[in-house]
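Understanding the architecture of this molecule
Read off the chains here:
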Amino acid sequence: MTTGDDTRGGASDLPTGRHRRPPSAVALRSRLVIVAVSIVILIGLVFEVTRIVNGSADKVTASTGGPTQSSIEGAPSAASSRSPTNRLGPLSPASTEPITGGLTGVAPTKSASPAVSPGSPDSSLSAAPDGVSAAVVEVAASQLRALAALRDVGVPGAPVVAALMGEKVRTGPGVVIGRWESSRLPNGMTAAANNDRALRAGDVVTYAKFPTATGTSRLKLRSGQRISVPIQSARSTLHELRSTGGPDCPACKDIVLTSVKSTTMPVQTHLGPLTVPAWRFTVRDSKVVLVHPAVAPAGLLRFTPSYRGSLAGAVKNSQLPLWRVALGKDNRTVTANLESKDVAKRGGCWRLVAQESSLGVALYAAKGKADSGGGCADRSGRVTVRLAEPLGSRVAVDTYWRRALALG
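For the structure given in this document, a descriptive report is provided here. Think of each chain on its own: its residues are numbered from 1, step by step along the sequence as written. Residue-level local features of this predicted model are given only where pLDDT is at least 70; pairs of side-chain atoms are given and counted only at 80 or more, and the full residue set underlies all totals for whole chains, interfaces and linings. Each side-chain value is worked out from all heavy atoms of the structure, with water and hydrogens disregarded.

On a plain count of helices and strands, the protein chain comes out with 7 helices and 16 strands. Within the protein chain, buried positions represent 41% of all 408 residues. The criterion used for residue contact is that any of the two residues' heavy atoms lie within 4.5 Å. When contacts within the protein chain are restricted to residue pairs at least 6 apart in sequence, long-range pairs at least 24 apart make up 72% of them. A total of about 21,700 Å² of accessible surface is found on the protein chain, and carbon and sulfur atoms cover 56% of it. Working definition: helices are DSSP H or I runs of at least four residues, strands are E runs of at least two. Numbering for both runs from the N terminus. With a 1.4 Å probe rolled over the protein chains alone, any residue whose accessible area is under 20% of its type maximum counts as buried; one over 50% counts as exposed, and the rest are partly exposed. Using a 1.4 Å probe, accessible areas were evaluated by the Shrake-Rupley method; residue-level cover was limited to the displayed protein chains.

Let us now look at the side chain of Arg403. Tracing the chain through its elements places Arg403 in strand 16 (residues 403-404). For Arg403, a relative accessible area of 13% corresponds to the buried category.

Moving on, we get to empty space enclosed by the protein. In the cavity and pocket records, a cavity denotes points on a 1 Å grid over the protein atoms alone where a 1.4 Å probe fits but cannot get out, a pocket denotes an open set with protein on both sides within 12 Å along at least 5 of 7 lines, and lining residues are residues with an atom within 4 Å of a point. Grid points are joined across faces, edges and corners, and a volume is the space filled by probe spheres set on the points. Under the defined criterion, the tally for this structure stands at 2 cavities of 30 Å³ or more. In this structure, the largest cavity occupies an estimated 60 Å³ of space. What lines the largest cavity is Arg170, Gly172, Pro173, Gly174, Glu240, Leu241, Thr244, His292 and Ser306. When the residues that make up the lining of the largest cavity are grouped by side-chain class, the tally is 2 nonpolar, 5 polar and 2 charged. Taken as a whole, the second largest cavity spans an internal volume of roughly 40 Å³. Every element with two or more residues in the lining of the second largest cavity is listed here: strand 2 (175-177) and strand 8 (289-293). For this scheme, ten residues count as nonpolar: Ala, Val, Leu, Ile, Met, Phe, Trp, Tyr, Cys and Pro. Four count as charged, namely Asp, Glu, Lys and Arg, and the remainder, Gly too, count as polar.

We now examine the sheet that holds strand 3 (residues 204-206). The rule for pairing is simple: two strands pair if DSSP sees at least two bridges between them. Ordered by their spatial adjacency, 5 strands build an open sheet running 2-8-7-6-3, and the pairing between neighbours is mixed. On the outer flanks of this sheet lie strand 2 and strand 3, each paired with one strand and no other. Each adjacent strand pair in this sheet contributes to an overall mean axis angle of 35 degrees, direction not counted. Bridging between strand 3 and strand 6 (residues 255-269) involves 3 bridges; their strand directions are parallel. Paired with Val204 across the two strands is Ile255, which belongs to strand 6. Its contacts with the sheet place helix 4 (residues 191-201) against strand 2, strand 3, strand 6 and strand 8, and it is angled at close to 70 degrees to strand 6. Angles here are taken between N-to-C directions and fall from 0 to 180 degrees, while the axes themselves are lines fitted to C-alpha atoms, restricted in helices to the stretch in contact. Set on the sheet, helix 5 (residues 234-242) makes contact with strand 3, strand 6, strand 7 (272-283) and strand 8; between it and strand 7 the angle comes to about 95 degrees.

By nonpolar core is meant a set of buried Ala, Val, Leu, Ile, Met, Phe, Trp, Tyr and Cys residues that side-chain atoms within 4.5 Å join together. With 36 residues, the main nonpolar core has Trp180, Phe210, Ile255, Leu257, Val276, Phe281 and Leu290 as its most contacted residues. The set of elements that each furnish at least two residues to this core consists of helix 4, strand 5 (226-231), helix 5, strand 6, strand 7 and strand 8. Here this core takes 6 residues from strand 7, the largest share from any one element.

The subject of this paragraph is the layout of surface pockets. In this structure, the second largest pocket occupies an estimated 350 Å³ of space. Taken together, 19 residues line the second largest pocket, and the ones lying closest to its centre are Arg151, Gly157, His270, Leu271 and Ser393. Residues belonging to the lining of the second largest pocket are distributed by class as follows: 7 nonpolar, 9 polar and 3 charged.

What follows concerns the pairing of strand 13 (residues 360-367). Taking burial as the measure, the 8 residues of strand 13 include 7 buried ones, the bulk of the element. Pairing geometry for strand 12 (residues 350-356) and strand 13, over 7 bridges, is antiparallel. Looking at the pairing, Val353 lines up with Tyr364 of strand 13. Connecting strand 12 to the next strand, strand 13, in antiparallel fashion are 3 residues. Here strand 13 pairs with strand 15 (residues 395-398) via 4 bridges, running parallel. The residue bridging Ala362 from the neighbouring strand is Val397, located in strand 15.

Aromatic pairs are defined between Phe, Tyr and Trp rings, using the six-membered ring for Trp, whenever the two ring centres lie within 6.5 Å; interplanar angles under 30 degrees are classed as stacked, those over 60 as edge-to-face, and all others as tilted. Per the stated rule, a full pass over the model turns up 2 aromatic pairs. With a centroid separation of 5.6 Å and an interplanar angle of 45 degrees, the aromatic rings of Phe210 and Phe281 are classed as tilted. Remark: Phe281 occurs in strand 7 and Phe210 occurs in the loop between strand 3 and strand 4 (215-220); sequence separation between them is 71 residues. Per residue, the accessibility class of Phe210 equals that of Phe281, and both read buried. Centre to centre, the rings of Tyr400 and Trp401 are 4.8 Å apart; their planes meet at 80 degrees, and the pair counts as edge-to-face. The rule is short: NZ of Lys or CZ of Arg within 6 Å of the ring centre and within 35 degrees of the ring normal puts a charge over the ring. For the cation-ring pair, Arg402 lies above Phe303, with the distance from its terminal atom to the ring centre recorded as 4.7 Å.

What follows is about unusual backbone geometry. Residue Asp285 is not a glycine yet carries a positive backbone phi of 60 degrees. Mapped onto the secondary structure, Asp285 falls in the loop between strand 7 and strand 8. Of note, the phi angle at Arg402 is positive, near 45 degrees, even though the residue is not glycine. In this structure, Arg402 sits in the loop between strand 15 and strand 16. Among the residues examined, Arg402 registers a relative accessible area of 24% and is labelled partly exposed.

Glancing now at the environment of Ile177. Relative to the elements of secondary structure, Ile177 occurs in strand 2. Considering only alpha carbons, one finds Ile177 and Lys287, 110 residues apart in sequence, at a separation of 8.9 Å. With near-sequence residues (within four places) excluded, Ile177 lies in contact with Val288, Val289 and Val291.

Listing the buried residues of helix 4 in full gives Ala191, Asn194, Asn195, Ala198, Leu199 and Ala201. An end-on view of helix 4 places all buried positions within 160 degrees of arc, on one side of the element. Buried positions along helix 4 lie against strand 1 (169-170), strand 2, strand 3, strand 6 and strand 8. Taken from the residues just after helix 4, Gly202 is the one with a positive phi, measuring 80 degrees. Directions from the helix axis toward the C-beta atoms define the arc.

Right, dumping it as structure tokens:
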């Protein structure tokens, strides 16, 4: 006869240590509650981690954007020296090919700066005097239209770069600090001759990983006004150096940039000299450094092409270059000087002409009839013209050299 223990399968029938009593209903419910709470906590942790990762990505985009209004004015932020992954893929310093491609995968052009569209018509405040060539009048009108188009797409109040005079020269706002070496290169040219020609041709490359971050900065004008201007990356600035638009130099050895850091530089503008954020590039095998504004073209308007080639016939044949252009205290009388020998050689009444619009004043010397606005050049070559309205905030441009003048 069996006992009750035998009917449950007695202790002698089970492996030692593995016998467990069936869980009670209360214990089972407790376990289910613990599992449910664990699942809720796990889902919450996954959601929070996802939010933090996405938030960090947004912060990187914003914080690596270069100078902001809270950063030191006048220089790109130190944060902008750290470059995110380039859109062309990671750029390794050990790369065996120089970086010459565009930021968006499009090969950069080495032509002149993009042509400015005519823009909206600008109301004229004054016409050229009688006797002035129609071709010269149109040159001035086209430059005023180009100026209007630039200001339409630029930051309100953005200064216009005042370029150098001269034919077949680099006129961009960048500068070369130091003297190129005189050592002879394998192509037979000295480093100085090679690099001068290479800069005009835009033969500038790098093996380094340059920052691609952008941002904004506060620019203080001479009037005390402050404007927010866009800051372009060091990589974009390199491509601006490559887009000079000068004559190609197949025999030239490329200028190789090795590093870059933020700095500031003075730039001559139609508002006078201004200090702006800049990028400072070092050059391989040279003590020379290249310094170029970090302010994007929308915040520092480039009215003059980066390279000025041969002058148009309508300019050379019908105008004379202006020297020492100045604005009188009345803000209306403009004085300039012509080469007296050129005036005597060409003969006739050479006078200073001002074609005005609501945004700019085109100044040039041409043959015409003297009137109440201005007379003929005297023996020394001095000429004057009285503007229809005070210059004010308008931009004065020298149409012979297509450049803004610092008269304001």
